[in-house]
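# Summary of the model geometry
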Amino acid sequence: MNSNDKLIEFRDVHLGYGRKNVLSRISFEIERSDFLGIVGPNGSGKTTLLRSILGILRPTAGEVRRAQNAVIGYVPQRDTIDPIMPFTVFDVVLMGRYGRLGLFRRPSILDFDKVQEALAHVNIEDLANRSFRDLSGGQKQRALIARALVTQPDILVLDEPTNGMDLASRSSTLELIKHLHKDDKLTVIMVSHLLSDVANYVNRIAIVEDRYFQVGRVGEILTDSNLSKLYGVPVTVGDFQGNKIVVAGGKNV
Amino acid sequence: MSDIEILRTIVTQFPFALIGSVFAGLLCGYLSVYVVSKRVVFVGATLTQVAVTGIAVAHLLFPHESTDVVSLALTLFAVVILAQLLRSHDISRDSVLGVSYVVAIALRILVIQKSPASEVSEIEAILKGDLLFITQHQLSLLIATAAVLLFIHLLFQKEFIFVSFDSETATTQGFKAGRWEMLFYATIGIAISVATRIVGDVFVFGFLVIPAVTATLLARKVRSIFWLSTLVGALPPIIGLYLAFKLDLPAGPTAVATASAMLAVSWIIKRFK
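Described below are features of the structure shown in this document. Here the structure is a predicted model, which means the values were calculated and not measured.

### So, the overall build of chain A
- Of the regular secondary structure elements, chain A holds eight helices and 11 strands.
- The C-alpha atoms of chain A give 19 Å as radius of gyration, which agrees with the globular expectation for 253 residues (18 Å, within 12%).
- Seen through its C-alpha atoms, chain A measures out along the principal axes to roughly 55 × 40 × 35 Å.
- The proportion of buried residues among the 253 residues of chain A is 51%.
- Of the contacts formed within chain A by residues at least 6 apart in sequence, a portion of 64% connects residues at least 24 apart.
- One way to put it: in chain A the 32 positive side-chain charges average out to a point 5 Å from where the 29 negative ones average out.

So this is what it looks like as structure tokens:
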């Protein structure tokens, strides 16, 4: 990939596990400073696509091209991390530096400083010595975002960052992600099944479903007919004080 | 026999048993932190059974070969299969561990059934966990194994910790999680294979669980848990040997019972603190 603004490019990609095909003929690209939301029903292949973006899953056909030296900062679903050991928030965020250290090297003062910076950046520097497992959902999410930030990423990839959060935590987490995109100019990819979250924060949306994969601007993709076809129930998209609302079941907005 | 006489007898007549059981406890105690935190306690149980099966297979099929080598080879083979199964999503983790545990026990019983009576008594001695007759060769092998394995663990501590904590994110940062997992399980397999031959399966399985559980009850930092777990691994074998002498009990199970008592006390301290 040349030095233009494309960070990741999918060209006619097929994804699956063994003989099972999950997604076919996917083509799209992610450019620098993009904010892409990936949505779709449960089991539609969002995680499969995410794993391919992360480079964990190789395509069964087609090509995924990445800009040279592009660093991905990954924020997994926080529920997948359930440590028995009392790792402090500092310990957890420091793990984000391990990939830069290489074999045999131990973290240095520089790495510790980067961790402090990242903690301050997501406003949890006061939680540095707290046990990660004792944090609230919103605090854990911030710690995992800080861990992704210390990798000094070109792309921040978040998997269901607001899943299971209360309204206040959800809103503050989304505002933080918006800030990282807008002010820090980070390219962001966010997977979510919460359409309203995605609709009101991202620039572009990818609808994931085998034989029905679409990518485009929010207004183009998030239409009643598109979503009704995707979810198999009548869906209405409306506006409330400038925010998009998505309602299922044929109700008026 | 007075307490002083018991201690003097242990130190003067059974020094290999004393030092060997301490080293086995120390090694298993350290590794138990990973075994417990990765939620793979049954891997320890399974591999101890595989190691015993390996000893029985060696007696039955390769009477002229070293039982250590055959047991180690079989355990490492089981490690490769287990690590693959645990990483694949075809069978649930619980099922993989449960099935491999019961298969290992069944194999052990079948192989022992077909072994000559003279060999069965040696295998039964291992199962009983009588530490007293550790030889100088076994002690040297155990100390060398513990030194190499602990060195590997200290050298690659950040890799083992990251992959254990969040293998998916570690993979996105360029860590070959599968290879690190394989190396981790190989170190566990080697430790189990060597230690089981010397101190018995009950001792090894017990000390791959109890020290870490005790340490997590008492310590608040991960680093302290590693230290405390290693210490909790090293201490009960000494008390166990003393009690085994005093009460005429097999030393291995007595050491495990002592460690369990320490765990119970730790739980009470934690509960009422």
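That covers the picture; the talk isn't over yet.
### Here's the deal with a positive patch on the surface
- Taken together, Arg133(A), Arg220(B), Lys270(B) and Lys273(B) make up a surface patch of like positive charges.
- Locating Arg133(A) in the fold gives a position in the loop between helix H3 (109-121) and helix H4 (137-149).

### Points about unusual backbone geometry
- The phi torsion at Gln152(A) lies on the positive side, around 55 degrees, for a residue other than glycine.
- Note that Gln152(A) resides in the loop between H4 and strand E6 (155-159).
- Its identity is not glycine, yet Arg39(B) carries a phi of approximately 60 degrees, on the positive side.
- Summarising the element assignment, Arg39(B) is placed in the loop between helix H2 (15-37) and helix H3 (41-61).

### Thoughts on the pairing of strand E11 (residues 243-248) of chain A
Residues and elements named next belong to chain A.
- Sheet topology note: the strand E10 (residues 235-240)/E11 ladder contains six bridges and is antiparallel. Looking across to E11, one finds that Val 235 is bridged to Ala 248.
- Where E10 folds back on E11, the antiparallel hairpin that results is connected by two residues, among which Gln 241 adopts a positive phi of roughly 50 degrees.

### A word on the sheet that holds strand E4 (residues 61-66) of chain A
Residues and elements named next belong to chain A.
- Overall, antiparallel pairing links the three strands, which are arranged E2-E1-E4 in an open sheet. Looking at the sheet topology across the chains shown, the edges are occupied by strand E2 (20-31) and E4. Strand-to-strand twist across the sheet, computed as the mean angle between neighbouring axes with direction ignored, equals 15 degrees.
- Across eight bridges, the pairing between strand E1 (residues 6-17) and E2 is antiparallel.

Procedures and definitions
Residues numbered from 1 in each chain as written. Chains lettered and ligands numbered in written order. Predicted model: local features only at pLDDT ≥ 70, side-chain atom pairs only at ≥ 80, totals over all residues. Heavy atoms only, no water. Helix = DSSP H or I, 4+ residues; strand = E, 2+ residues; numbered from the N terminus. Rg over C-alpha atoms; globule rule 2.2 N^0.38 Å. Buried < 20%, exposed > 50% of the residue type's maximum accessible area, 1.4 Å probe, protein only. Contact = heavy atoms within 4.5 Å. Lys, Arg positive; Asp, Glu negative; His and termini not counted. Charge placed at Lys NZ, Arg CZ, Asp CG, Glu CD. Patch = residues over 30% accessible without salt bridge, like charges linked within 9 Å, V, L, I, M, F, W, Y side chains within 5 Å. Areas by Shrake-Rupley, 256 points an atom, 1.4 Å probe, with all protein chains shown as cover. Salt bridge = Lys/Arg side-chain N within 4 Å of Asp/Glu carboxyl O. Pairing = 2+ DSSP bridges. Axes fitted to C-alpha atoms, helices over the stretch in contact; angles between N-to-C directions.

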